[in-house]
Structures are given as structure tokens and as C-alpha cells.
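Next come the chains, spelled out residue by residue.
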Amino acid sequence: MNALKYPEDSILSRHFESTVELNRQRWLQSPPSDSILRRHAMSQSNQADMRSESPTASRQATAASSPSPAAVRNATTDNRGFFSKLIGYLTGRG
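Remember, predicted model here, so these are calculated numbers, not experimental data. (Residues numbered from 1 in each chain as written. Predicted model: local features only at pLDDT ≥ 70, side-chain atom pairs only at ≥ 80, totals over all residues. Heavy atoms only, no water.)

### With respect to the overall build of the protein
And step 1. In terms of regular secondary structure, the protein is built from five helices and zero strands.
And step 2. The secondary structure elements of the protein, listed N-terminal to C-terminal, are α-α-α-α-α.
And step 3. Within the protein, buried positions represent 3% of all 94 residues.
And step 4. By element, 59% of the accessible surface of the protein is carried by carbon and sulfur atoms, the whole surface being about 8700 Å². (Helix = DSSP H or I, 4+ residues; strand = E, 2+ residues; numbered from the N terminus. Buried < 20%, exposed > 50% of the residue type's maximum accessible area, 1.4 Å probe, protein only. Areas by Shrake-Rupley, 256 points an atom, 1.4 Å probe, with all protein chains shown as cover.)

### As for a nonpolar patch on the surface
And step 1. Residues Phe82, Phe83, Leu86, Ile87 and Leu90 make up a contiguous nonpolar surface patch of roughly 590 Å² in combined accessible area.
And step 2. Taking relative accessible area as the criterion, phenylalanine 83 reaches 63% and is therefore assigned exposed. (Patch = residues over 30% accessible without salt bridge, like charges linked within 9 Å, V, L, I, M, F, W, Y side chains within 5 Å. Salt bridge = Lys/Arg side-chain N within 4 Å of Asp/Glu carboxyl O.)

### Let's talk about the packing of aromatic side chains
And step 1. For the structure shown, the criterion picks out two aromatic pairs.
And step 2. Both rings, one in tyrosine 6 and one in phenylalanine 16, keep their centres 5.6 Å apart while their planes meet at 90°; by these two values the pair is edge-to-face. Of this pair, tyrosine 6 sits in the segment before helix H1 (10-29) while phenylalanine 16 sits in helix H1, placing them 10 residues apart in sequence.
And step 3. Judged by its relative accessible area of 23%, phenylalanine 16 is partly exposed.
And step 4. Their ring planes at 75° and their centres at 5.3 Å tell us that phenylalanine 82 and phenylalanine 83 sit as a pair that is edge-to-face. (Phe/Tyr/Trp six-rings, centres within 6.5 Å; stacked < 30°, edge-to-face > 60°.)

### Side note on the pattern of salt bridges
Pairs may arise between side chains of opposite charge once their charged atoms sit close together.
And step 1. Tallied over the full model, the rule gives one salt bridge.
And step 2. Among the salt bridges present, the one from arginine 24 reaches glutamate 21, with a minimum N-O distance of 3.2 Å. One end of the pair, arginine 24, and the other, glutamate 21, are both in helix H1, three residues apart, so they sit about a helical turn from each other.
And step 3. Accessibility expressed as a relative area gives 44% for arginine 24, which makes it partly exposed.
And step 4. Judged by its relative accessible area of 35%, glutamate 21 falls in the partly exposed class.

Structure representation (C-alpha cells):
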């Protein structure tokens, strides 16, 4: 077979291990060739980037995306279903 032989010498084994680890890291950093796996890996890396943002930036983004108290109040008092709201918006009856 083509199995790699682990060197017995301490210096050669250290170089062998570092080369194996370098190749492993290079392989892990390359994107997958399959489109679905690549999209999944990109999604995970984007989520990791968003988690590593500063806490103040994430708080500002959360505050900007939170609805106003009036919108929350209107949403809780309106008990119509989704389609009835949609028809109301499309017909202008709000």
C-alpha cells in the first residue's frame, strides 16, 4: 500500500508531524467542492464572524431592528389572521 511510514528519528518525526499538520490545516481552509457544502461552510463562517463582532455593535444592531412600542401595541391588538391582513393591505383597507 501507499501508507506513510512514521519516521523513528525524533527530528524527522517532528518535521513529519508538522508537515502533516500543515497539510491538514491547508485542507481545512479550502472550501468544499460541492456547492451545497460550500454554501453551508460559508454560512457557518458568516455566523462566526457575526459572533466575533464587538458587543456594542451587536447591541446597536439589535436596537435598530427592534420594533417600536407603537408597532408592538398595534400588532398585539390586531387579532386578524395573516391572509386577512394581506387582503386588507392589498385592497387598501389596512
